There are 2 protein chains.
Amino acid sequence: MNIGEIARRAGVARSTVSYALSGKRPVAEATAKRINDVISELGYRPNASARALAEGRTRTLGLVIPPAGARLTGVQLGFVAGVVEAAAAHDLDVLVSPSGGRHDRSFERIVTGRRVDGVVLMEILLDDPRVARLEESGLPFVTIGHVQDPGASWWVDVDYAALIRRCVHHLADLGHEEVVLVNRSAELVASGYGPAARSTAGLLEAAGERGVRAHVVTCPDEPGAGFACFEDIRTRLPGVTGLVTINEAALPGLQRALQRASLEVPRDFSITGVVADHLAEDFHPPLTAADVPAVEMARIALELLVERIADPAAQPRHALLVPPVTLRSSTGARRR
Amino acid sequence: MNIGEIARRAGVARSTVSYALSGKRPVAEATAKRINDVISELGYRPNASARALAEGRTRTLGLVIPPAGARLTGVQLGFVAGVVEAAAAHDLDVLVSPSGGRHDRSFERIVTGRRVDGVVLMEILLDDPRVARLEESGLPFVTIGHVQDPGASWWVDVDYAALIRRCVHHLADLGHEEVVLVNRSAELVASGYGPAARSTAGLLEAAGERGVRAHVVTCPDEPGAGFACFEDIRTRLPGVTGLVTINEAALPGLQRALQRASLEVPRDFSITGVVADHLAEDFHPPLTAADVPAVEMARIALELLVERIADPAAQPRHALLVPPVTLRSSTGARRR
DNA sequence: TTGTATGCGTTATCAC
DNA sequence: GTGATAACGCATACAA
């Protein structure tokens with residue numbers, strides 16, 4: 001059933017039905033009622049493809065997520081949930097594409113098939129081929145996370161450098177003199193993942209400011225790796241009394257290793273970092289941390305994208321969030 | 001740029017380009033080369049909406065997930081990842097819709113906007129209005145989980161009753177005489193969530209067979225709730241020495257409560273259940289459990305859907321998986 | 001082997 | 001206020 005059928009039954013022209021539906025031109029009350037009656041009787045809804053073809057827009061957004069197979073972290077999950085939710089609020093649909101590199105078929109379909117009006121790209125690298133691809137395609141897009149040149153594009157991010165710096169200052173205030181940053185995986189660091197680099201920078205900056213000895217270790221995004229990582233820290237860096245991390249997936253493992261080592265938090269050891277809000281609450285003891293407002297970030301990204309789609313000539317905008325470090329119970333004075 | 005432009009530059013008719021692209025009719029080698037050269041030079045890709053309109057199919061699948069806001073469990077996350085991954089392998093795109101009840105706009109768009117060729121529905125209720133809606137719409141769909149009448153529809157599920165039954169038998173074998181099932185939330189149970197009902201049935205059946213005292217408690221899908229739930233069990237049901245659960249989200253809380261109560265697993269208390277595979281490994285100690293092969297289930301669901309789309313008249317098919325209970329370290333002989 | 005013509009279901013521009 | 005009708009970009013039946 002199509003718009004012509006509705007028009008026929010209502011005894012009007014197709015265009016009149018279209019206008020009754022869109023409201024883009026006045027329709028006599030009586031006609032409108034007749035049309036609406038037929039529509040609701042038959043349960044008619046316009047064909048999305050036809051509408052997209054005629055209108056030149058799909059009312060659909062693309063969301064590029066890390067390749068399937070990789071388990072999403074809490075923050076990443078928040079991004080996805082936030083984008084989907086915010087899009088639904090705008091009556092927009094979301095097409096998800098699990099894409100790693102540049103020559104991904106799914107990603108390429110999204111970019112070049114004109115099936116979306118815009119794209120949200122998450123977990124980008126400092127120099128990301130997908131960003132370049134989107135730029136040359138002319139498709140409006142917003143990234144969660146930002147590339148090297150912050151002024152030239154649309155993005156939302158959390159200021160990892162500032163947050164880690166604050167965490168280290170906090171530890172220094174508590175008397176800790178040697179700390180370690182548990183970063184994301186070595187592969188991610190090597191491929192130029194922004195948060196990894198910026199966290200390290202923040203750590204070193206704060207360490208310099210406070211005369212704290214600082215170390216960085218990489219750790220895959222898994223509980224088991226967190227466990228192994230901490231055991232390694234204990235043997236290789238025995239002087240460390242404070243840990244700061246952006247690797248939330250490793251947290252359960254770190255927790256278990258702490259316990260295994262009979263270290264009581266925060267009495268014997270302090271731990272803090274940048275993690276998804278709910279994870280901080282679930283840690284035991286509750287984690288003093290900068291809570292990444294993932295859902296909120298996704299919402300902002302979506303608002304920016306909608307804005308950019310509406311005005312393709314608009315100047316790039318971005319948002320750099322600096323959520324507070326929330327004091328909970330995982331950090332304490334260094335025990336001498 | 002469109003197919004006409006390619007045709008013009010290659011000096012052929014539009015249909016020839018179309019056929020060269022689809023291969024549905026032979027094209028002379030030389031013409032094909034000329035066309036392909038132009039296509040790759042201009043980076044042409046057919047417009048998805050136009051193609052969908054002409055072809056009558058969208059090469060897109062719908063995936064209905066629990067409402068945004070609800071944090072996805074490990075198993076649910078596996079479903080999403082599995083569907084997206086399997087769809088990508090078929091060169092199909094996935095449109096996600098976060099939908100709870102029947103009158104959801106996003107869900108309604110999917111069902112009635114002809115923007116997808118089929119739908120995967122997850123986390124369904126025993127009597128789910130969305131299933132009814134999809135049935136009356138005529139859109140091919142497959143559910144992960146199954147409704148009351150198992151023969152009439154396409155689905156894939158895990159046999160919760162059998163698995164919980166096995167878990168209870170296992171506990172009985174170890175000498176446990178009083179066990180508790182930690183179910184999903186009371187709301188979910190009340191709304192008629194299949195796994196919740198079937199788990200209870202399996203528990204009671206096994207308890208009857210083995211003369212074990214059995215209890216059921218509901219618990220929201222959160223670590224904190226798991227903690228509270230276990231505290232409650234200890235006070236209200238002090239004789240319980242074994243716990244079986246399908247609530248993986250509560251697991252970290254249960255674990256913490258166990259520890260808080262100074263109960264060593266499995267020496268003092270046994271715990272088992274049905275959970276996502278990776279969670280079982282991450283539990284401490286590793287959880288003896290039936291591992292839900294979520295990604296695999298999603299893959300099967302997608303294969304079924306592809307099959308159903310290809311042949312709308314095909315007889316309903318389904319798959320009821322009974323993964324083994326993997327022995328790890330969280331269950332042991334009852335201590336007298 | 002290739003070209004022509006029509007239809008897919010809308011929206012939007014004319015004309016009345 | 002409303003009705004024709006031309007796009008939108010592609011696939012395909014029909015001709016040649």
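Looking at an unreviewed UniProt entry, one finds chain A named LacI family DNA-binding transcriptional regulator, with Saccharothrix mutabilis subsp. mutabilis as its source organism.

We now examine the UniProt feature "domain: HTH lacI-type" (unreviewed entry) in chain A. Here, the residues flagged by UniProt with the feature "domain: HTH lacI-type" (unreviewed entry) are residues 1-55 of chain A. With 71% helix and 0% strand, residues 1-55 of chain A has its two end C-alpha atoms placed 20 Å apart.

Turning next to the interface of chain A and chain B. Residue-level contacts link 42 residues of chain A with 43 residues of chain B. Buried area between chain A and chain B, summed over both chains or domains, comes out near 4,000 Å², and the portion from carbon and sulfur atoms is 51%. For chain A, the biggest contributors to the area lost against chain B are R45, D93 and R114 of chain A; these three give 15% of the whole. For the pair chain A and chain B, the interface holds eight salt bridges. Measuring nitrogen to oxygen at the nearest pair gives 2.7 Å for the salt bridge that ties D93 of chain A to R115 of chain B. Along the contact surface separating chain A from chain B lie 17 residue pairs in polar contact (both at pLDDT 80 or more).

Residue and element names in this part refer to chain A. This structure, assessed with the given rule, holds two aromatic pairs over all chains. With 5.2 Å between their ring centres and 80 degrees between their planes, F230 and F269 make a pair best called edge-to-face. Taken together, the residues span a long stretch of sequence, with F230 in helix 11 (residues 223-236) and F269 in the loop between helix 12 (251-260) and strand 9 (270-276) at a distance of 39 residues. The pair F230 / F269 is uniform in exposure class, with both members buried. For the cation-ring pair, R256 lies above F227, with the distance from its terminal atom to the ring centre recorded as 4.7 Å.

Turning next to the protein's contact with DNA strand C. Inspection of the region around DNA strand C gives 29 residues, with I3 and Y19 of chain A together with R25, A28 and T31 of chain B positioned closest. The separation between a phosphate oxygen of DNA strand C and a polar main-chain atom of A13 of chain B is 2.9 Å. Here A54 of chain B contributes a backbone N or O atom positioned 3.5 Å from a base oxygen of DNA strand C. Elements that contribute at least two residues to the surface near DNA strand C include exactly helix 2 (14-22) and helix 4 (48-55) of chain A together with helix 2 (14-22) and helix 4 (48-55) of chain B. With four residues, the top contributor of residues to the surface near DNA strand C is helix 2 of chain A.

A few words now on the sheet that holds strand 11 (residues 318-321) of chain B. The strand order across the open sheet built from 12 strands is 11(A)-5(A)-4(A)-3(A)-1(A)-2(A)-2(B)-1(B)-3(B)-4(B)-5(B)-11(B), with neighbouring strands paired in mixed fashion. Edge positions in the sheet fall to strand 11 (318-321) of chain A together with strand 11 of chain B, since each has one partner strand and no second. Direction aside, neighbouring strands of the sheet carry axes that sit 20 degrees apart on average. Sitting on the sheet, helix 5 (residues 74-89) of chain B touches strand 2 (93-98) of chain A together with strand 1 (60-65), strand 2 (93-98), strand 3 (118-122) and strand 4 (141-144) of chain B, and the angle it makes with strand 3 of chain B is about 160 degrees.

The environment of DNA strand D is formed by 27 residues, the closest being T16, A28 and T31 of chain A together with I3 and Y44 of chain B. When the atoms of DNA strand D within 4 Å of the protein are sorted by group, sugar and phosphate make up 51%. Note that a base nitrogen of DNA strand D is positioned 2.9 Å from one of the side-chain N or O atoms of S15 of chain A. Contributing elements (two or more residues each) for the surface near DNA strand D: helix 2 and helix 4 of chain A together with helix 2 and helix 4 of chain B. Element by element, the count of residues in the surface near DNA strand D is highest for helix 2 of chain B, at four residues.

Attention now goes to the pairing of strand 6 (residues 178-182) of chain A. Regular strands place their side chains on alternate faces of the sheet. Residues and elements named next belong to chain A. Within strand 6, five of the five residues are buried, leaving the element largely enclosed by the surrounding structure. Where burial is concerned, the two faces of strand 6 agree: the one with E178, V180 and V182 and the one with V179 and L181 are both buried. Two strands pair when backbone bridges link them, and strand 6 and strand 7 (residues 213-217) are joined in this way by five bridges, in the parallel orientation. When the sheet's bridge partners are listed, V179 is paired in strand 7 with A214. With four bridges connecting them, strand 6 and strand 8 (residues 242-245) associate as parallel partners. Across the sheet, residue V182 finds its bridge partner in strand 8, namely T245.

Right, let's get into the side chain of E178 of chain B. All names here are of chain B. With respect to the element layout, E178 can be found in strand 6 (residues 178-182). Classification of E178 by relative accessible area gives buried; the value is 10%. Engagement of the side chain of E178 in a polar contact is seen with the side chain of H215, the distance being 2.7 Å. If we skip the residues at most four places from it in the chain, E178 touches V212, R213, H215, G239, V240, T241 and G242.

Reading the values: rules and limits
Residues numbered from 1 in each chain as written. Chains lettered and ligands numbered in written order. Predicted model: local features only at pLDDT ≥ 70, side-chain atom pairs only at ≥ 80, totals over all residues. Heavy atoms only, no water. UniProt positions renumbered as here; feature names shortened; annotations may be inferred. Helix = DSSP H or I, 4+ residues; strand = E, 2+ residues; numbered from the N terminus. Contact = heavy atoms within 4.5 Å. Buried area = accessible area lost by both parts, 1.4 Å probe. Salt bridge = Lys/Arg side-chain N within 4 Å of Asp/Glu carboxyl O. Polar contact = N/O pair within 3.5 Å; in protein donor to acceptor, adjacent residues only side chain to side chain. Phe/Tyr/Trp six-rings, centres within 6.5 Å; stacked < 30°, edge-to-face > 60°. Buried < 20%, exposed > 50% of the residue type's maximum accessible area, 1.4 Å probe, protein only. Lys NZ or Arg CZ within 6 Å of the ring centre and 35° of its normal. Near = heavy atom within 4 Å. Pairing = 2+ DSSP bridges. Axes fitted to C-alpha atoms, helices over the stretch in contact; angles between N-to-C directions.

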